[in-house]
Structure formats: structure tokens, C-alpha cells
Amino acid sequence: MNDKRLVHIIDDEAAVRRSASFMLKTLGFATRTWEGGTAFLKEVRHAENGCILLDVRMPDIDGLAVQQQLIERGIAMPVIVLTGHGDITIAVKAMKAGAVDFIEKPFDGDVLLAALEHAFERLEKSADALTRAANADLALGALSPREREVLAELAEGFPNKTIA
């Protein structure tokens with residue numbers, strides 16, 4: 001198992017994929033590059049969990065459509081949008097869809113690193129929430145039928161005296 005945090009780089013420009021991957025590897029990240037949104041979406045269910053650097057303008061499917069597909073499929077990997085042709089409308093759409101950040105190319109390494117830190121914090125919080133939910137499911141599964149009945153009535157707001 002790889003202990004490095006994984007960054008999926010989705011960009012149609014090979015030079016951008018290479019340079020971003022090189023920079024991130026020198027900073028201690030693991031990277032996986034994708035030539036476009038279609039290639040990533042085909043494999044996303046089997047892809048290792050990580051953060052996504054997503055270009056907006058790509059020939060097969062644009063980044064905002066990829067982001068929307070991820071939401072529809074229930075993929076909770078945090079997305080950082082990269083673009084060489086940014087405008088306010090695109091930035092607003094990306095952020096409303098849950099993007100961690102919107103960065104214009106050429107990007108500053110410190111800006112990208114700060115966005116990645118924020119994205120991985122979001123990923124860790126999501127993993128913690130899933131763990132808590134799984135633990136709650138285990139605890140609820142261990143309750144007897146009567147205990148479940150009492151819990152349901154407590155959740156509805158009935159006092160102990162009425163439940164008894």
C-alpha cells in the first residue's frame with residue numbers, strides 16, 4: 001500500500017500532465033495522469049481514492065461535465081479545477097459544484113500546494129464521517145428489537161415515561 005497521497009491529473013495537454021506530475025512527485029505526492037475526462041470516468045470506480053486536478057477545456061468532455069458526472073456517480077474525491085481560459089462564470093459553476101479551488105494556468109506551486117492541502121483535509125474529513133457512520137450502523141445492528149423500538153420512540157421525542 002502506498003502511503004503517499006494520490007493526485008489524479010486530468011488534462012489533455014501532455015506537457016501539463018508531465019510538469020504537474022513531476023512537481024507533485026518532488027513534493028512527496030503520488031500521481032496518476034489521465035489524457036482526458038472520458039479515460040478517467042471509465043476507470044474511476046476502480047481508481048485509488050485521492051484528489052483530482054481537473055482541466056476545464058478538453059476535447060472529449062469538458063472538466064465541468066466530468067465534475068458533474070462524478071457527483072452523479074457518488075464519487076466524493078475532491079476536485080481542484082485548472083484552466084488556461086478561466087472566466088468568472090466557469091469559476092462560479094465549478095465552485096458551486098463543490099470544487100475545492102479554481103486555479104489558472106500557469107499555476108504557482110504554492111497556490112496549488114495550498115489547494116491540495118485543503119483538498120486532502122476535505123478527503124480525510126469525508127473518510128472520518130464514513131467511519132463514524134459505519135460504526136453507528138454496527139452499534140445499531142447490535143441492538144435488540146425492543147432496544148430499536150425504544151430508540152425510535154426516543155428519536156420521535158417521546159419521554160421515557162411514555163415509552164416504558
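Residues numbered from 1 in each chain as written. Predicted model: local features only at pLDDT ≥ 70, side-chain atom pairs only at ≥ 80, totals over all residues. Heavy atoms only, no water.

Description of the sheet that holds strand β4 (residues 79–83)
Condition: Each pair of strands is called paired provided DSSP finds at least two bridges between the two strands. Helical segments are the DSSP runs of H or I of at least four residues, strand segments are the runs of E of at least two, and each set is numbered from the N terminus. Comment: axis = line fitted to C-alpha atoms, over the contacting stretch for helices; angle = value between 0 and 180 degrees taken between N-to-C directions. Residue contacts follow a heavy-atom distance rule, with two residues in contact if any of their heavy atoms lie within 4.5 Å.
The strand order across the open sheet formed by 5 strands is β2-β1-β3-β4-β5, and the pairing between neighbours is parallel. Of all strands in the sheet, those with a lone pairing partner are β2 (30–34) and β5 (101–104), marking the two edges. Geometrically, the sheet is characterised by an average inter-axis angle of 20° between neighbouring strands, direction not taken into account. Packed onto the sheet, helix α1 (residues 14–26) meets β1 (6–10), β2 and β3 (51–55) and runs at close to 170° relative to β2. Sitting on the sheet, helix α3 (residues 63–72) touches β3 and β4, and the angle it makes with β3 is about 145°.

Overview of unusual backbone geometry
Between K105 and P106 the backbone carries a cis peptide bond, its omega angle lying at -10°. The topology assignment puts P106 in the loop between β5 and α5 (109–141).

Remarks on the pairing of β5
Defined as follows: We call a crossover right-handed when, viewed with both strands directed away from the observer, the connection leading from the first strand over the helix to the second proceeds clockwise.
Bridge count between β4 and β5: 4 bridges; the pairing is parallel. Within β5, the position partnered with T83 by the bridge is E104. In terms of handedness, the path from β4 via helix α4 (residues 88–96) over to β5 forms a crossover that is right-handed.

Digging into the pattern of salt bridges
Spelled out, the test is: For salt bridges, the criterion is a side-chain nitrogen of Lys or Arg within 4 Å of an Asp or Glu carboxyl oxygen. Burial here depends on accessible area, computed with a 1.4 Å probe over protein chains only, as a share of the maximum for the residue type. Under 20% is buried, over 50% is exposed, and the range in between is partly exposed.
By the definition in use, this model includes 5 salt bridges. Among the salt bridges present, the one from E117 reaches R5, with a minimum N-O distance of 2.8 Å. Of the two residues, E117 is situated in helix α5 and R5 in the segment before β1; the sequence distance between them amounts to 112 residues. Given the relative accessible area of 29%, R5 is considered partly exposed. Salt-bridge contacts for R146 lead to E149; the nearest nitrogen and oxygen are separated by 3.0 Å. Within this pair, R146 and its partner E149 are both found in helix α6 (residues 145–155), separated by 3 residues, close to a single helical turn. Under the relative-accessibility criterion, R146 is labelled partly exposed at 39%.

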